[in-house]
Amino acid sequence: MHHASILTPALGDFTASLPVTIYSVVTGQRPLTAAACKLYTAFLAIRFFTSIWLLVLISLDRCISVVHPVWSRSHRTVQRAAWLAVCVWLLAPVTCSPDLIFRDVEKQKGCEYCSFKFATRARNDSKAAEGRVVVTLIHILLGFLAPLVIIGTCAHLIRTRLRQEGCAHARRLKRLLLVLVFRHGDRAPLASYPTDPHKEVASTLWPRGLGQLTEEGVRQQLELGRFLRSRYEDFLSPEYRREEVYIRSTDFDRTLESAQANLAGLFPEAAPGRSEATWRPIPVHTVPVTEDKLLRFPTRSCPRYRELLREATEAAEYKTALEGWTDFLTRLENFTGLPLVGEPLRKAWKVLDTLICQQAHGLSLPSWASPDVLQTLAQISALDIGAHVGPPQAAEKAQLSGGILLDAILANFSRVQRLGLPLKMVMYSAHDSTLLALQGALGLYDGHTPPYAACLGFEFRRRLGDTDRDNADGHRPGNVTVSLFYRNDSAGLPLTLRLPGCPAPCPLSRFRQLTAPARPPAHGIPCHGSHEPATPAATVVPLLAGAVAVLAALSMGLGLLAWRPGCLRAWGGPV
């Protein structure tokens, strides 16, 4: 929308002011014929109205993005903005039609004036006066009052929302901890398909291999790191300090490299181009994929999660949607050579992923891969994601996936506050599946897959000057708030997210209460199936301890008998 607001005055100058100015310079006089009078004033009026009403649209756009950020992510599109701008241009000539109808050249005292001329032989002076009043009221209403009311209302709503989010009291908020979960940068496709026209030259197109980070991915992460540096310049130390920043990544090349590129943008000593004497590497921690239960959730090895997923895929709504795509998937099988009908929908997503990666890197797509096909594949992917993170039993699914990470984030903050640790930032370099599961646990999944380098941030702050008592941990939970932001577009500002049921920023106690159903229970992750009787840890541990104690007593007794035969005589038994 802001691009249209910049182009409109320029276009108005070109169509109205510039030609008249050129004519005046060349001829030395103003073109005051009747036609020139009408066209010139009409063009000026059109420029005036389009500029004002495009500013109104920009105000409405900003207001919606601030007041309803989650809704706006799904409904604010470039196509809709373009159509609204076109509508403004089409309506402007209608509002300026009086200039074309009633403007004319009048001579007064030897001078020519381009003005409204309402009185004619067919119209008396009273009718002319009425016309003048009507035109004046239209200009005042559409050119001043209505835009003023709309822009003022938008400014009031934005100010009210920002005050609710605590922006008006930002100086009274002290940052305590930042937790960032971001997706890796742009990568090569994860896989190919049998009929892929680029399959034979994949090693040339993707010299680092499938699934690996690209140069564009490195650039995206560098940019994200620089954004974080500018946003938290007054909070982070100028240079990396191991006691203040902790970085963890999944054990994949693309996430490890993304973390390193992000840190190169965040801390100057790790930036590219530094001399050997000043360059410093920054450690990134990881664990093997098979042992990672924090960023790669154990859904495949969890019987209960498989039951919940089966329940979702057997729901009537899911089956109806899938049946509607049977013919589409059958055609896609013929195009790709992959079995897709009756197979997990992730196979269809991999086809979409391959096509999107190739398109992003300027490669030609097969003739069958039309925009409609890509859109349908995206809808199928959204259905599959919804089954994993959405209803039914969304909260229990979250306990087995994104709720694990959410619980760890809250636990880490409590530990930092309880022990008085100097930790300021925790960074997790992960995948779109990690962000999707976390969004599902927070109730913020909106049907869109996080783009490359998307970042979900948790900001823990404390309100200063309040008088709440310290609790047993030595901090004031009533003063602490949690703010969420989501950066999914490097060209715009990050979105402020609001946890459903809680204003932003959300008090920590309320945040814990609302997210409790999505976080694992205290006794551990309930991963057993409904047909597998669980053995509580509270029962298993005492049984194991008792068994070990009995075995130890027997061993000691047998050893004592073996080394001290006199003990048998004391009991009257044989040696």
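Residues numbered from 1 in each chain as written. Predicted model: local features only at pLDDT ≥ 70, side-chain atom pairs only at ≥ 80, totals over all residues. Heavy atoms only, no water.

The name given to the protein chain in an unreviewed UniProt entry is acid phosphatase, and the organism recorded there is Ovis aries. Per UniProt, the protein chain carries the Catalytic activity (unreviewed entry) text "a phosphate monoester + H2O = an alcohol + phosphate". According to the UniProt record, the Subcellular location (unreviewed entry) comment for the protein chain reads "Membrane". (UniProt positions renumbered as here; feature names shortened; annotations may be inferred.)

Where do I start with the overall build of the protein chain in this structure?
When its secondary structure is counted, the protein chain shows 20 helices and nine strands. A burial count over the protein chain gives 41% of its 575 residues as buried. Considering only contacts within the protein chain whose residues lie at least 6 apart along the sequence, 75% involve residues at least 24 apart. Accessible surface, the protein chain: about 31,500 Å² in total, of which carbon and sulfur atoms supply 61%. (Helix = DSSP H or I, 4+ residues; strand = E, 2+ residues; numbered from the N terminus. Buried < 20%, exposed > 50% of the residue type's maximum accessible area, 1.4 Å probe, protein only. Contact = heavy atoms within 4.5 Å. Areas by Shrake-Rupley, 256 points an atom, 1.4 Å probe, with all protein chains shown as cover.)

Explain helix 18 (residues 508–515) to me, please; I cannot follow it from the model alone.
Count 3.6 residues to each turn of an α-helix, and residues three or four apart come out pointing the same way. Regarding helix 18, the residues found buried are Leu 508, Phe 511 and Thr 515. Viewed end-on, helix 18 has its buried residues packed into an arc of 55°, placing them on one side of the element. Contacts from the buried residues of helix 18 go to helix 16 (402–419), helix 17 (432–442), strand 6 (455–463), strand 7 (480–487) and strand 9 (506–507). (Arc of directions from axis to C-beta.)

Would you explain the state of the cysteines in this entry?
Disulfide: a covalent bond connecting the sulfur atoms of a pair of cysteines. Tallied over the full model, the rule gives two disulfides. Each sulfur in the disulfide pair Cys 502 and Cys 506 lies 2.0 Å from the other. A torsion of 100° about the S-S bond marks the disulfide between Cys 502 and Cys 506 as right-handed. Overall, Cys 506 belongs to the buried group, its relative accessible area being 3%. Cys 154 supplies the cysteine sulfur nearest to Cys 63, a cysteine that is in no disulfide, at a spacing of 4.2 Å. Owing to a relative accessible area of 6%, Cys 63 belongs among the buried residues under this scheme. (Disulfide = S-S within 2.5 Å.)

How should the packing of helix 8 (residues 215–231) against helix 9 (residues 253–266) be read in this particular structure?
Working note: a packed helix pair is described by the angle between its axes plus the distance between those axes. Where helix 8 meets helix 9, the closest approach of the two axes is 6 Å, and the angle between their N-to-C directions is 40°. On the basis of the axis angle, helix 8 is oblique to helix 9. In this structure, helix 8 meets helix 9 at a crossing whose hand is right-handed. Contacts from Val 218, Gln 221, Leu 222, Leu 224, Gly 225, Arg 226, Leu 228 and Arg 229 in helix 8 reach Ser 258, Ala 261, Asn 262, Ala 264, Gly 265 and Leu 266 in helix 9. Across the contact of helix 8 with helix 9, the residue classes tally to seven nonpolar, five polar and two charged. (Axes fitted to C-alpha atoms, helices over the stretch in contact; angles between N-to-C directions. Parallel < 35°, antiparallel > 145°, perpendicular 65-115°, else oblique. Left-handed = near helix turned anticlockwise from the far one by under 90°. Nonpolar A, V, L, I, M, F, W, Y, C, P; charged D, E, K, R; others polar.)

Help me understand the pairing of strand 4 (residues 245–249), please; the structure alone is not making it clear to me.
On a regular strand, one side chain projects to one face of the sheet and the next to the other, so that they alternate. Within strand 4, four of the five residues are buried, which leaves the element mostly enclosed by the surrounding structure. With five bridges connecting them, strand 4 and strand 5 (residues 425–430) associate as parallel partners. Across the sheet, residue Ile 247 finds its bridge partner in strand 5, namely Met 427. (Pairing = 2+ DSSP bridges.)

What's the story with the pairing of strand 7 in this structure? I'm lost.
Of all eight residues making up strand 7, eight are buried, and the element is well covered by its neighbours. Pairing analysis gives eight bridges linking strand 6 to strand 7, with the strands arranged antiparallel. Residue pairing across strands places Phe 458 opposite Leu 484, the latter belonging to strand 7. Inspection of the sheet shows strand 7 paired to strand 9 by two bridges, in the antiparallel sense. Along strand 9, the bridge assignment pairs Val 482 with Cys 506. Bridge count for strand 7 against strand 8 (residues 495–497) is three bridges, and the pairing is antiparallel. Bridge pairing in strand 8 links Phe 485 to Thr 496.

I keep staring at the packing of helix 2 (residues 34–67) against helix 4 (residues 78–95) and nothing clicks. Help me out?
Orientation of helix 2 relative to helix 4, taken along the N-to-C sense of each, is 145°, at an axis distance of 9 Å. Crossing handedness for the pair helix 2 and helix 4: right-handed. Contacts from Ile 46, Phe 49, Thr 50, Trp 53, Leu 54 and Leu 57 in helix 2 reach Leu 84, Ala 85, Val 88, Trp 89, Ala 92, Pro 93 and Thr 95 in helix 4. Classifying every residue of the contact of helix 2 with helix 4 by side-chain character gives 11 nonpolar, two polar and no charged.

How should helix 4 be read in this particular structure?
Here helix 4 spans 26 Å end to end across 18 residues, near enough to the 26 Å set by a 1.5 Å rise per residue. Restricting attention to buried positions, one finds in helix 4 the residues Ala 81, Ala 85, Val 88, Ala 92 and Thr 95. Down the axis of helix 4, the sector holding all buried residues measures 85°, keeping them to one side. Residues of helix 4 that are exposed and point more than 90 degrees away from the buried face comprise Gln 79, Trp 83, Leu 90, Leu 91 and Val 94. (Expected span 1.5 Å × (residues − 1).)

Could you clarify how one ought to interpret the confidence of the model for the protein chain in this entry?
Should pLDDT be low for a region, the predicted coordinates there are not to be read in detail. Predicted confidence across the protein chain gives a mean pLDDT of 83, with 78% of residues reaching 70 or more. Note that pLDDT drops below 50 for residues 532–540; the model gives that stretch four contacts with residues more than four away or on any other chain. Taken as a whole, residues 563–575 scores under 50 in pLDDT and shows seven contacts with residues more than four places along the chain or in a different chain. (pLDDT = per-residue confidence, 0-100.)

Honestly, the side chain of Thr 255 in this entry has me stumped. Any pointers?
In this structure, Thr 255 sits in helix 9. Judged by its relative accessible area of 0%, Thr 255 is buried. The residues touching Thr 255, leaving out its near neighbours within four places in the chain, are His 184, Ser 249, Thr 250, Ser 429, Ala 430 and His 431.

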